[in-house]
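Residue-level listing of the chains:
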Amino acid sequence: MEFDAKTPIYYQIEQYINREIIIGHLRPGAQVPAVRQLAITLTVNVNTIQRALANLIGAGILVPERGKGNFVTTDQKVLGKMKQSMIEGEFKALYDHLAALELSPEEMTTAFAQYVQTQQGGERHE
Amino acid sequence: MSDVLTIENLSYRRNWKTILTDVSLQLPAGQIIGLLGANGAGKTTLMRLIAGSAVQFKGQIQVGGQTALARRKAGVSYTGQLTDIDPRWKVGQIAELMAQLHPDFRMADFLQLADLLDLQQKQRFNRLSKGNQRKLALAVTMARRAQLYLLDEPFDGIDVMTRKAMLNSIVRWLPDTATMVISDHHVTDIDQLLDAVVVIKNQTIVAHAAADAIREGGQSIESYFEQFYEGGENDD
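Residues numbered from 1 in each chain as written. Chains lettered and ligands numbered in written order. Predicted model: local features only at pLDDT ≥ 70, side-chain atom pairs only at ≥ 80, totals over all residues. Heavy atoms only, no water.

### Side note on the nonpolar core
Soluble globular proteins tend to bury their nonpolar side chains together. Counting 108 residues, the largest nonpolar core has Phe110 and Leu136 of chain B as the members making the most contacts within it. Both domains that meet at this core, namely domain 1 (9-74) and domain 2 (77-125) of chain A, each give it at least three residues. With sequence-adjacent residues up to four places away left out, Phe110 of chain B is seen in contact with Val91, Ala95, Phe105, Gln121, Leu136, Ala139, Val140 and Ala143 of chain B. (Core = buried A, V, L, I, M, F, W, Y, C linked by side-chain atoms within 4.5 Å. Buried < 20%, exposed > 50% of the residue type's maximum accessible area, 1.4 Å probe, protein only. Domains from an automatic or database assignment. Contact = heavy atoms within 4.5 Å.)

### Quick look at the UniProt feature "domain: HTH gntR-type" (unreviewed entry) in chain A
Under the feature "domain: HTH gntR-type" (unreviewed entry), the UniProt entry names residues 7-75 of chain A. With 51% helix and 12% strand, the stretch residues 7-75 of chain A has end C-alpha atoms that lie 29 Å from each other. (UniProt positions renumbered as here; feature names shortened; annotations may be inferred. Helix = DSSP H or I, 4+ residues; strand = E, 2+ residues; numbered from the N terminus.)

### Considering the sheet that holds strand 1 (residues 3-14) of chain B
Residue and element names in this part refer to chain B. Spatial strand order, 2-1-4: three strands in an open sheet with antiparallel pairing. Of all strands in the sheet, those with a lone pairing partner are strand 2 (17-28) and strand 4 (57-63), marking the two edges. Recorded for the sheet is a direction-independent mean angle of 10° between the axes of neighbouring strands. Across eight bridges, the pairing between strand 1 and strand 2 is antiparallel. Bridging across to strand 2, Ile7 finds its partner in Leu25. Together, strand 1, strand 2 and strand 4 form the strand contacts of helix 1 (residues 43-51), whose direction differs from that of strand 1 by roughly 115°. (Pairing = 2+ DSSP bridges. Axes fitted to C-alpha atoms, helices over the stretch in contact; angles between N-to-C directions.)

### Some words on the interface of chain A and chain B
At the junction of the two partners, chain A supplies 17 residues and chain B supplies 22 residues. Three residues stand out in chain A for area buried against chain B, namely Arg36, Ile40 and Thr43 of chain A, and they jointly supply 35% of the buried area on that side. Along the contact surface separating chain A from chain B lie two salt bridges. Glu216 of chain B is the partner of Arg51 of chain A in a salt bridge, and the nearest nitrogen-oxygen pair spans 3.2 Å. Scanning the region where chain A abuts chain B turns up 13 residue pairs in polar contact (both at pLDDT 80 or more). (Buried area = accessible area lost by both parts, 1.4 Å probe. Salt bridge = Lys/Arg side-chain N within 4 Å of Asp/Glu carboxyl O. Polar contact = N/O pair within 3.5 Å; in protein donor to acceptor, adjacent residues only side chain to side chain.)

### Side note on helix 6 (residues 160-173) of chain B
Between its first and last C-alpha atoms helix 6 of chain B spans 20 Å; for 14 residues at 1.5 Å apiece the expected length is 20 Å, and the two agree. The set of residues buried in helix 6 of chain B consists of Thr162, Met166, Leu167, Asn168, Ser169, Ile170, Val171 and Trp173 of chain B. Buried residues along helix 6 of chain B sit against helix 2 (35-42) of chain A together with helix 4 (107-116), helix 5 (130-142), strand 6 (148-152) and strand 7 (179-183) of chain B. Put simply, Asp159 of chain B is the residue that caps the front of helix 6 of chain B, since its side-chain oxygen is 3.3 Å from the backbone nitrogen of Met161 of chain B. (Expected span 1.5 Å × (residues − 1).)

As structure tokens, then:
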């Protein structure tokens, strides 16, 4: 995994695990790999993994089971909220970039709707 | 958590030249620390002093609460320990020597590390490429069960793929309660691995900060480090 040098690594790991859950690599109720294994997979240190996991546990996305490890919650409400906030994060970045280009809100929504259409068109032609 | 390394008011001169002045540093157990500084800033000297390879200093150095040289040395595993081996020796012989010198050396771990890093047991030290010598230094260092690991420029002259294998070995083999200090003048080689950075400049430690706290401020470790050396100043 490539990390952004200016964003805390623990935060990037939280986002990574959230994404793994959203795309179904980690299903509700599934066990998350052990701390050391995650550290080796992502080439980061064990403390950083622990911090990321603690934050995900705090948010209710992961549930620790004593002596067994951490598991993805089966609470769909929590997972739905997590997905929603991941999507909002992407939109926020996009919004900030477009606002920096001095696009009005109307121009943004029109431009985005058009873009989505061309993307779909492009896929159909493949 | 208790401190693995405590340095108080350390000063060191060699051949009438001051190399370190009034260095104080405390490192807790279970961390990976990047020791950053320009070439000639004193990174290697500081490691040699901690490891007990350089001895005539003022001040105090404690490793795991031990100050006496022999006891302090026993707790430190240092990549610079290969500097006085016979270069005609084979990789396997060097490992056997390390096993004799250090009771905490684990041959089984060494063999696994050597395998992971693609080192041939029968190859002579002086026939190894510079990169393979670095890999051997890392393997013998990580094969010990020490409290404090000191890696001096472990990735110097190492290609990208090998560096990944080496970083991987570090994460895999570093004991939970041990602390590691890595010096590297390419900060980006190691920045994702670090809990904290320590910056050396003008013969002393000028900063000690948590890596993710630096990133929380929107700064990369590299630019954080570089700001100490802005304005063309150099220790070379």
